[in-house]
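Spelled out from the first residue to the last, the chains are:
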Amino acid sequence: MPHGPNPFRPGFGVSPRVLAGRADLLAEFEIALDEGPGSPLRSVLVSGARGMGKTVILNELEELARVRGWLVVRLPESTGLVEELEATTLPTLLAEHDGTRVVRRRVTGGGVTGLGSVSTTAEERYPVHESAETMLVRLLDVLAEHRTGVLFTLDEVQAVDREALAAFASIYQHLLRDEREIAFAAAGLPVGVDQLLQHRGTTFLRRAERVHLPALTPAEVTGAARRTVEQGGGRIVDDALTTLADVVHGYPYLLQLAGYGAWRAADGREELSRDDVISTVPGVAERMGRLIHAPALRDLPQSQRDYLAAMAQDDGPSSTGELAARLGLNVQHQNVYRTRLIERELITPAGHGLVDFSLPYMREHLRARTR
(Lines give C-alpha, C1' and ligand atoms only; values in the text may rest on other atoms or scores of the structure.)
Protein backbone atom coordinates (compact mmCIF):
# COMPACT_ATOMS: atom_id res chain seq x y z
CA MET A 1 0.00 0.00 0.00
CA PRO A 2 1.14 3.63 -0.33
CA HIS A 3 3.34 4.97 2.43
CA GLY A 4 1.61 6.20 5.59
CA PRO A 5 -1.61 5.18 7.34
CA ASN A 6 -4.78 4.50 5.40
CA PRO A 7 -6.49 7.90 4.93
CA PHE A 8 -9.99 6.44 4.51
CA ARG A 9 -12.10 5.98 7.64
CA PRO A 10 -14.96 3.48 7.17
CA GLY A 11 -16.09 3.34 10.80
CA PHE A 12 -19.74 4.29 11.37
CA GLY A 13 -20.07 7.80 12.75
CA VAL A 14 -16.38 8.56 12.22
CA SER A 15 -15.75 11.82 10.37
CA PRO A 16 -13.77 11.36 7.14
CA ARG A 17 -10.70 13.35 6.28
CA VAL A 18 -12.57 14.89 3.36
CA LEU A 19 -16.31 15.47 3.75
CA ALA A 20 -18.09 15.12 0.42
CA GLY A 21 -21.18 16.96 -0.72
CA ARG A 22 -22.44 18.57 2.49
CA ALA A 23 -20.79 21.99 2.31
CA ASP A 24 -24.05 23.93 1.81
CA LEU A 25 -25.65 22.53 4.97
CA LEU A 26 -22.58 23.27 7.07
CA ALA A 27 -22.32 26.80 5.69
CA GLU A 28 -26.00 27.47 6.48
CA PHE A 29 -25.55 26.21 10.03
CA GLU A 30 -22.52 28.45 10.52
CA ILE A 31 -24.62 31.42 9.43
CA ALA A 32 -27.40 30.38 11.83
CA LEU A 33 -25.03 30.31 14.79
CA ASP A 34 -23.64 33.72 13.88
CA GLU A 35 -27.00 35.35 13.14
CA GLY A 36 -28.40 34.88 16.62
CA PRO A 37 -31.76 33.72 18.03
CA GLY A 38 -34.50 33.41 15.45
CA SER A 39 -32.31 32.09 12.65
CA PRO A 40 -34.26 29.15 11.12
CA LEU A 41 -31.41 26.65 10.92
CA ARG A 42 -30.76 26.87 14.66
CA SER A 43 -33.14 23.91 14.92
CA VAL A 44 -32.34 21.31 12.29
CA LEU A 45 -33.54 17.75 11.72
CA VAL A 46 -31.36 15.67 9.43
CA SER A 47 -32.79 12.52 7.87
CA GLY A 48 -31.40 9.99 5.43
CA ALA A 49 -30.92 6.31 4.77
CA ARG A 50 -28.36 4.27 6.68
CA GLY A 51 -24.89 4.99 5.37
CA MET A 52 -25.72 8.53 4.21
CA GLY A 53 -23.56 10.12 6.89
CA LYS A 54 -26.12 11.47 9.37
CA THR A 55 -23.91 10.94 12.43
CA VAL A 56 -20.95 12.46 10.61
CA ILE A 57 -23.05 15.54 9.90
CA LEU A 58 -23.87 15.84 13.60
CA ASN A 59 -20.14 15.59 14.36
CA GLU A 60 -19.43 18.42 11.93
CA LEU A 61 -22.22 20.62 13.31
CA GLU A 62 -20.89 20.08 16.82
CA GLU A 63 -17.41 21.08 15.71
CA LEU A 64 -18.72 24.27 14.11
CA ALA A 65 -20.31 25.17 17.44
CA ARG A 66 -17.24 24.31 19.50
CA VAL A 67 -14.89 26.47 17.46
CA ARG A 68 -17.23 29.38 18.23
CA GLY A 69 -16.95 28.67 21.94
CA TRP A 70 -20.36 27.03 22.26
CA LEU A 71 -20.94 24.12 24.63
CA VAL A 72 -22.23 20.91 23.05
CA VAL A 73 -24.62 18.65 24.96
CA ARG A 74 -25.31 15.22 23.44
CA LEU A 75 -28.74 14.16 24.61
CA PRO A 76 -29.24 10.52 25.63
CA GLU A 77 -31.92 8.30 24.11
CA SER A 78 -33.03 7.07 27.52
CA THR A 79 -36.39 7.58 29.21
CA GLY A 80 -34.59 9.72 31.80
CA LEU A 81 -33.36 12.32 29.32
CA VAL A 82 -34.33 15.35 31.41
CA GLU A 83 -33.44 13.61 34.66
CA GLU A 84 -29.91 12.97 33.37
CA LEU A 85 -29.59 16.64 32.46
CA GLU A 86 -30.66 17.62 35.97
CA ALA A 87 -28.58 15.07 37.87
CA THR A 88 -25.33 14.97 35.92
CA THR A 89 -24.88 16.96 32.72
CA LEU A 90 -25.91 20.45 33.79
CA PRO A 91 -24.40 20.36 37.31
CA THR A 92 -21.10 19.31 35.74
CA LEU A 93 -21.20 22.12 33.19
CA LEU A 94 -22.13 24.68 35.85
CA ALA A 95 -19.31 23.49 38.09
CA GLU A 96 -16.89 24.02 35.19
CA HIS A 97 -18.17 27.37 33.95
CA ASP A 98 -20.06 29.18 36.71
CA GLY A 99 -17.53 30.78 39.06
CA THR A 100 -20.02 33.22 40.58
CA ARG A 101 -22.02 30.83 42.76
CA VAL A 102 -22.14 32.22 46.33
CA VAL A 103 -23.12 29.92 49.20
CA ARG A 104 -24.28 31.22 52.61
CA ARG A 105 -22.40 29.52 55.45
CA ARG A 106 -22.98 29.18 59.21
CA VAL A 107 -20.67 28.42 62.15
CA THR A 108 -20.94 24.80 63.37
CA GLY A 109 -18.02 24.58 65.79
CA GLY A 110 -15.09 26.45 67.26
CA GLY A 111 -12.50 26.69 69.99
CA VAL A 112 -11.05 29.11 72.50
CA THR A 113 -10.84 32.59 71.05
CA GLY A 114 -7.39 33.25 69.64
CA LEU A 115 -6.34 29.64 69.94
CA GLY A 116 -8.88 27.43 68.33
CA SER A 117 -10.35 27.29 64.84
CA VAL A 118 -13.82 27.90 63.47
CA SER A 119 -15.53 25.37 61.24
CA THR A 120 -18.46 26.10 58.94
CA THR A 121 -20.97 24.25 56.78
CA ALA A 122 -23.14 25.34 53.88
CA GLU A 123 -26.60 26.63 54.76
CA GLU A 124 -29.53 26.79 52.40
CA ARG A 125 -32.24 28.89 54.06
CA TYR A 126 -34.81 27.87 51.44
CA PRO A 127 -33.65 24.58 49.91
CA VAL A 128 -34.82 24.26 46.31
CA HIS A 129 -34.35 21.41 43.88
CA GLU A 130 -33.15 23.07 40.71
CA SER A 131 -34.83 21.95 37.53
CA ALA A 132 -33.10 21.37 34.20
CA GLU A 133 -34.64 24.60 32.92
CA THR A 134 -33.40 26.78 35.78
CA MET A 135 -29.91 25.30 35.53
CA LEU A 136 -29.91 25.88 31.78
CA VAL A 137 -30.96 29.48 32.26
CA ARG A 138 -28.10 30.00 34.71
CA LEU A 139 -25.63 28.33 32.36
CA LEU A 140 -26.81 30.46 29.46
CA ASP A 141 -26.45 33.58 31.60
CA VAL A 142 -22.81 32.66 32.18
CA LEU A 143 -22.22 31.93 28.50
CA ALA A 144 -23.92 35.16 27.46
CA GLU A 145 -21.02 37.06 28.99
CA HIS A 146 -18.84 35.40 26.34
CA ARG A 147 -21.46 35.66 23.58
CA THR A 148 -21.74 31.90 23.19
CA GLY A 149 -24.47 29.34 23.84
CA VAL A 150 -25.44 25.66 23.99
CA LEU A 151 -25.99 23.24 21.11
CA PHE A 152 -28.03 20.13 21.90
CA THR A 153 -27.59 17.15 19.58
CA LEU A 154 -29.50 13.88 19.37
CA ASP A 155 -28.59 10.95 17.13
CA GLU A 156 -30.95 8.15 16.07
CA VAL A 157 -33.84 10.40 17.01
CA GLN A 158 -36.36 7.80 15.82
CA ALA A 159 -35.28 5.56 18.72
CA VAL A 160 -35.67 8.13 21.49
CA ASP A 161 -38.35 7.80 24.15
CA ARG A 162 -41.24 9.99 22.97
CA GLU A 163 -42.31 11.23 26.39
CA ALA A 164 -38.73 12.08 27.36
CA LEU A 165 -38.28 14.06 24.16
CA ALA A 166 -41.56 15.87 24.80
CA ALA A 167 -40.32 16.89 28.26
CA PHE A 168 -37.11 18.27 26.75
CA ALA A 169 -39.12 20.01 24.03
CA SER A 170 -41.04 21.98 26.63
CA ILE A 171 -37.80 23.31 28.12
CA TYR A 172 -36.28 24.05 24.72
CA GLN A 173 -39.33 25.97 23.53
CA HIS A 174 -39.34 28.15 26.64
CA LEU A 175 -35.72 29.07 25.98
CA LEU A 176 -36.49 29.80 22.34
CA ARG A 177 -39.28 32.18 23.36
CA ASP A 178 -36.83 33.96 25.64
CA GLU A 179 -34.43 34.31 22.68
CA ARG A 180 -31.59 32.50 24.42
CA GLU A 181 -28.46 31.37 22.60
CA ILE A 182 -29.43 27.76 22.00
CA ALA A 183 -29.54 25.42 19.02
CA PHE A 184 -30.69 21.86 18.38
CA ALA A 185 -29.58 19.32 15.77
CA ALA A 186 -30.98 15.80 15.49
CA ALA A 187 -30.60 12.98 12.97
CA GLY A 188 -32.59 9.87 12.16
CA LEU A 189 -34.03 7.51 9.59
CA PRO A 190 -36.78 9.04 7.40
CA VAL A 191 -39.66 6.72 8.35
CA GLY A 192 -38.82 6.89 12.05
CA VAL A 193 -38.57 10.67 11.90
CA ASP A 194 -41.96 10.91 10.15
CA GLN A 195 -43.53 8.75 12.87
CA LEU A 196 -41.89 10.79 15.60
CA LEU A 197 -43.27 14.02 14.19
CA GLN A 198 -46.81 12.72 14.68
CA HIS A 199 -46.32 12.65 18.46
CA ARG A 200 -48.19 15.38 20.30
CA GLY A 201 -45.08 16.48 22.21
CA THR A 202 -42.77 17.01 19.24
CA THR A 203 -44.24 20.21 17.81
CA PHE A 204 -40.85 21.90 18.03
CA LEU A 205 -39.38 19.23 15.74
CA ARG A 206 -42.04 19.91 13.14
CA ARG A 207 -40.88 23.53 13.14
CA ALA A 208 -37.24 22.55 12.71
CA GLU A 209 -35.60 22.82 9.32
CA ARG A 210 -35.90 19.35 7.74
CA VAL A 211 -32.80 18.40 5.76
CA HIS A 212 -32.81 15.15 3.81
CA LEU A 213 -29.36 13.94 2.83
CA PRO A 214 -29.27 12.95 -0.84
CA ALA A 215 -26.85 10.55 -2.47
CA LEU A 216 -23.53 12.05 -3.49
CA THR A 217 -23.03 12.87 -7.16
CA PRO A 218 -20.29 11.03 -9.09
CA ALA A 219 -18.30 14.28 -9.16
CA GLU A 220 -18.56 14.62 -5.38
CA VAL A 221 -17.43 11.02 -4.91
CA THR A 222 -14.45 11.27 -7.24
CA GLY A 223 -13.41 14.68 -5.93
CA ALA A 224 -13.46 13.55 -2.30
CA ALA A 225 -11.69 10.28 -3.14
CA ARG A 226 -8.91 12.01 -5.04
CA ARG A 227 -8.31 14.52 -2.25
CA THR A 228 -8.31 11.80 0.39
CA VAL A 229 -5.79 9.68 -1.50
CA GLU A 230 -3.54 12.65 -2.13
CA GLN A 231 -3.68 13.72 1.51
CA GLY A 232 -2.53 10.21 2.37
CA GLY A 233 0.48 10.56 0.07
CA GLY A 234 -0.82 8.44 -2.81
CA ARG A 235 -2.27 8.85 -6.29
CA ILE A 236 -5.31 7.38 -8.03
CA VAL A 237 -5.80 7.09 -11.79
CA ASP A 238 -8.87 8.50 -13.52
CA ASP A 239 -10.42 5.19 -14.52
CA ALA A 240 -10.06 3.99 -10.92
CA LEU A 241 -11.99 7.06 -9.79
CA THR A 242 -14.75 6.38 -12.33
CA THR A 243 -15.00 2.77 -11.17
CA LEU A 244 -15.03 3.88 -7.55
CA ALA A 245 -18.04 6.10 -8.23
CA ASP A 246 -19.84 3.09 -9.74
CA VAL A 247 -19.01 0.95 -6.69
CA VAL A 248 -20.05 3.63 -4.19
CA HIS A 249 -23.49 4.49 -5.69
CA GLY A 250 -23.36 7.89 -3.98
CA TYR A 251 -23.17 6.53 -0.42
CA PRO A 252 -20.66 8.35 1.81
CA TYR A 253 -20.11 5.23 3.93
CA LEU A 254 -19.29 3.16 0.84
CA LEU A 255 -16.89 5.86 -0.34
CA GLN A 256 -14.86 5.35 2.81
CA LEU A 257 -15.23 1.56 2.75
CA ALA A 258 -14.26 1.09 -0.91
CA GLY A 259 -11.47 3.66 -0.66
CA TYR A 260 -10.11 1.91 2.41
CA GLY A 261 -10.09 -1.44 0.61
CA ALA A 262 -8.50 -0.03 -2.55
CA TRP A 263 -5.73 1.60 -0.52
CA ARG A 264 -4.95 -1.74 1.12
CA ALA A 265 -5.13 -3.57 -2.22
CA ALA A 266 -2.46 -1.26 -3.68
CA ASP A 267 -0.03 -3.21 -1.48
CA GLY A 268 3.00 -0.96 -1.63
CA ARG A 269 2.24 0.89 -4.86
CA GLU A 270 1.78 4.64 -4.57
CA GLU A 271 -0.85 4.67 -7.35
CA LEU A 272 -4.27 3.10 -6.83
CA SER A 273 -5.55 1.31 -9.95
CA ARG A 274 -8.93 0.30 -11.31
CA ASP A 275 -8.20 -3.31 -10.34
CA ASP A 276 -7.58 -2.19 -6.76
CA VAL A 277 -11.04 -0.66 -6.69
CA ILE A 278 -12.75 -3.65 -8.34
CA SER A 279 -11.20 -5.98 -5.77
CA THR A 280 -13.18 -4.24 -3.02
CA VAL A 281 -16.63 -5.12 -4.39
CA PRO A 282 -17.14 -8.48 -2.57
CA GLY A 283 -16.14 -6.97 0.77
CA VAL A 284 -18.23 -3.86 0.17
CA ALA A 285 -21.31 -5.93 -0.68
CA GLU A 286 -20.84 -8.23 2.32
CA ARG A 287 -20.38 -5.42 4.81
CA MET A 288 -23.24 -3.43 3.32
CA GLY A 289 -25.47 -6.46 3.74
CA ARG A 290 -24.43 -7.12 7.32
CA LEU A 291 -24.44 -3.54 8.63
CA ILE A 292 -27.04 -1.79 6.45
CA HIS A 293 -29.43 -4.26 4.81
CA ALA A 294 -29.92 -6.68 7.69
CA PRO A 295 -30.99 -3.93 10.15
CA ALA A 296 -33.20 -2.32 7.49
CA LEU A 297 -35.00 -5.63 6.85
CA ARG A 298 -35.25 -6.74 10.46
CA ASP A 299 -38.47 -4.94 11.37
CA LEU A 300 -40.23 -5.33 8.03
CA PRO A 301 -43.53 -7.25 7.87
CA GLN A 302 -43.10 -10.58 6.08
CA SER A 303 -45.31 -9.41 3.22
CA GLN A 304 -42.91 -6.56 2.44
CA ARG A 305 -39.91 -8.88 2.68
CA ASP A 306 -41.62 -11.18 0.16
CA TYR A 307 -42.10 -8.21 -2.17
CA LEU A 308 -38.38 -7.38 -2.00
CA ALA A 309 -37.44 -11.02 -2.54
CA ALA A 310 -39.60 -11.07 -5.66
CA MET A 311 -37.83 -7.94 -6.91
CA ALA A 312 -34.45 -9.59 -6.33
CA GLN A 313 -35.26 -12.14 -9.04
CA ASP A 314 -34.80 -9.39 -11.65
CA ASP A 315 -31.41 -8.11 -12.79
CA GLY A 316 -32.71 -4.56 -13.05
CA PRO A 317 -35.91 -2.59 -12.41
CA SER A 318 -38.96 -4.75 -11.74
CA SER A 319 -42.38 -4.49 -13.35
CA THR A 320 -45.05 -3.95 -10.70
CA GLY A 321 -47.45 -6.02 -12.77
CA GLU A 322 -45.06 -8.97 -12.87
CA LEU A 323 -44.39 -8.62 -9.14
CA ALA A 324 -48.12 -8.82 -8.44
CA ALA A 325 -48.35 -11.97 -10.56
CA ARG A 326 -45.38 -13.61 -8.82
CA LEU A 327 -46.84 -12.91 -5.39
CA GLY A 328 -50.47 -13.58 -6.27
CA LEU A 329 -51.49 -10.05 -5.36
CA ASN A 330 -54.22 -7.86 -6.75
CA VAL A 331 -53.35 -4.35 -7.90
CA GLN A 332 -54.54 -2.71 -4.68
CA HIS A 333 -52.37 -4.86 -2.40
CA GLN A 334 -49.38 -4.51 -4.70
CA ASN A 335 -49.71 -0.72 -4.52
CA VAL A 336 -49.86 -0.82 -0.71
CA TYR A 337 -46.58 -2.78 -0.47
CA ARG A 338 -44.96 -0.57 -3.09
CA THR A 339 -45.96 2.60 -1.23
CA ARG A 340 -44.77 1.32 2.16
CA LEU A 341 -41.38 0.30 0.78
CA ILE A 342 -40.93 3.62 -1.00
CA GLU A 343 -41.72 5.42 2.27
CA ARG A 344 -39.01 3.35 3.98
CA GLU A 345 -36.61 4.33 1.17
CA LEU A 346 -35.92 0.69 0.36
CA ILE A 347 -37.23 0.94 -3.19
CA THR A 348 -37.74 3.79 -5.62
CA PRO A 349 -39.88 4.38 -8.73
CA ALA A 350 -37.86 3.60 -11.87
CA GLY A 351 -40.26 4.64 -14.62
CA HIS A 352 -43.87 3.93 -15.48
CA GLY A 353 -44.88 0.68 -13.78
CA LEU A 354 -41.32 -0.02 -12.61
CA VAL A 355 -39.55 -0.06 -9.25
CA ASP A 356 -35.94 -0.65 -8.26
CA PHE A 357 -33.91 -1.00 -5.06
CA SER A 358 -32.85 2.23 -3.39
CA LEU A 359 -29.98 0.74 -1.40
CA PRO A 360 -26.95 -0.51 -3.33
CA TYR A 361 -26.22 -4.24 -3.12
CA MET A 362 -29.66 -5.02 -1.66
CA ARG A 363 -30.42 -7.31 -4.60
CA GLU A 364 -27.22 -9.27 -4.00
CA HIS A 365 -27.95 -9.49 -0.28
CA LEU A 366 -31.45 -10.87 -0.83
CA ARG A 367 -30.26 -13.37 -3.40
CA ALA A 368 -27.56 -14.62 -1.03
CA ARG A 369 -30.20 -15.20 1.67
CA THR A 370 -32.30 -17.45 -0.60
CA ARG A 371 -29.51 -19.73 -1.74
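Going by the structure above, here's the rest.
Residues numbered from 1 in each chain as written. Predicted model: local features only at pLDDT ≥ 70, side-chain atom pairs only at ≥ 80, totals over all residues. Heavy atoms only, no water.

1. A closer look at the side chain of glutamine 256
Along the chain, glutamine 256 turns up in helix α10 (residues 252–266). The class of glutamine 256 is buried, set by a relative accessible area of 6%. (Helix = DSSP H or I, 4+ residues; strand = E, 2+ residues; numbered from the N terminus. Buried < 20%, exposed > 50% of the residue type's maximum accessible area, 1.4 Å probe, protein only.)

2. Focus: the environment of glutamate 62
With respect to the helices and strands, the residue glutamate 62 is situated in helix α2 (residues 54–66). According to the relative accessible area criterion, glutamate 62 is buried, its value standing at 2%. Distance from glutamate 62 to arginine 22, taken between C-alpha atoms, is 14 Å for residues 40 residues apart in sequence. Those residues in contact with glutamate 62 that lie beyond four places of it in its chain are Val72, Arg74, Leu151 and Thr153. (Contact = heavy atoms within 4.5 Å.)

3. Focus on the packing of aromatic side chains
Tallied over the full model, the rule gives six aromatic pairs. Seen from their ring centres, phenylalanine 152 and phenylalanine 168 are 5.0 Å apart, and the 70° between their planes marks the pair as edge-to-face. With phenylalanine 152 in strand β5 (residues 150–154) and phenylalanine 168 in helix α5 (residues 162–177), this residue pair connects regions lying 16 residues apart in the sequence. In this structure, phenylalanine 152 and phenylalanine 168 share a single accessibility class: buried. Centroid distance phenylalanine 152 to tyrosine 172: 6.4 Å. Interplanar angle 85°. Geometry classified as edge-to-face. One end of the pair, phenylalanine 152, is in strand β5; the other, tyrosine 172, is in helix α5, and 20 residues separate them in sequence. (Phe/Tyr/Trp six-rings, centres within 6.5 Å; stacked < 30°, edge-to-face > 60°.)

4. Examining the packing of helix α13 (residues 302–311) against helix α14 (residues 320–327)
Running from N to C, α13 and α14 cross one another at 120°; their axes reach a closest spacing of 10 Å. When you trace α13 past α14, the crossing you get is right-handed. Across the interface between the two elements, Asp306, Tyr307, Ala310 and Met311 of α13 pack against Thr320, Leu323, Arg326 and Leu327 of α14. (Axes fitted to C-alpha atoms, helices over the stretch in contact; angles between N-to-C directions. Left-handed = near helix turned anticlockwise from the far one by under 90°.)

5. What to know about the environment of proline 190
The topology assignment puts proline 190 in helix α6 (residues 190–196). The sequence separation of proline 190 and proline 282 amounts to 92 residues, and the corresponding C-alpha distance is 28 Å.

6. As for the sheet that holds strand β6 (residues 182–188)
The sheet built from five strands is open, its strands ordered β2-β5-β6-β1-β7 with parallel pairing. Of all the strands in the sheet, the pair left with one neighbour each is β2 (71–74) and β7 (209–212). In this sheet, adjacent strand axes meet at a mean angle of 20° when their direction is disregarded. Where strand β1 (residues 43–47) and β7 come together, four bridges link them in parallel fashion. By the bridge assignment, leucine 45 is partnered in β7 with arginine 210. The strands that helix α4 (residues 132–144) touches are β2, β5 and β6; relative to β5, the one it contacts most, it runs at about 130°. (Pairing = 2+ DSSP bridges.)

7. Describing α2
Taking 1.5 Å of rise per residue, the 13 residues of α2 would be expected to cover 18 Å, and the 19 Å separating its terminal C-alpha atoms lies within 8% of that figure. Among all positions of α2, only Lys54, Val56, Ile57, Leu58, Asn59, Leu61, Glu62, Leu64 and Ala65 are buried. Looking at the buried residues of α2, the elements they touch are α1 (23–35), β1, β2, β5 and β6. (Expected span 1.5 Å × (residues − 1).)

These figures capture arrangement, not role.
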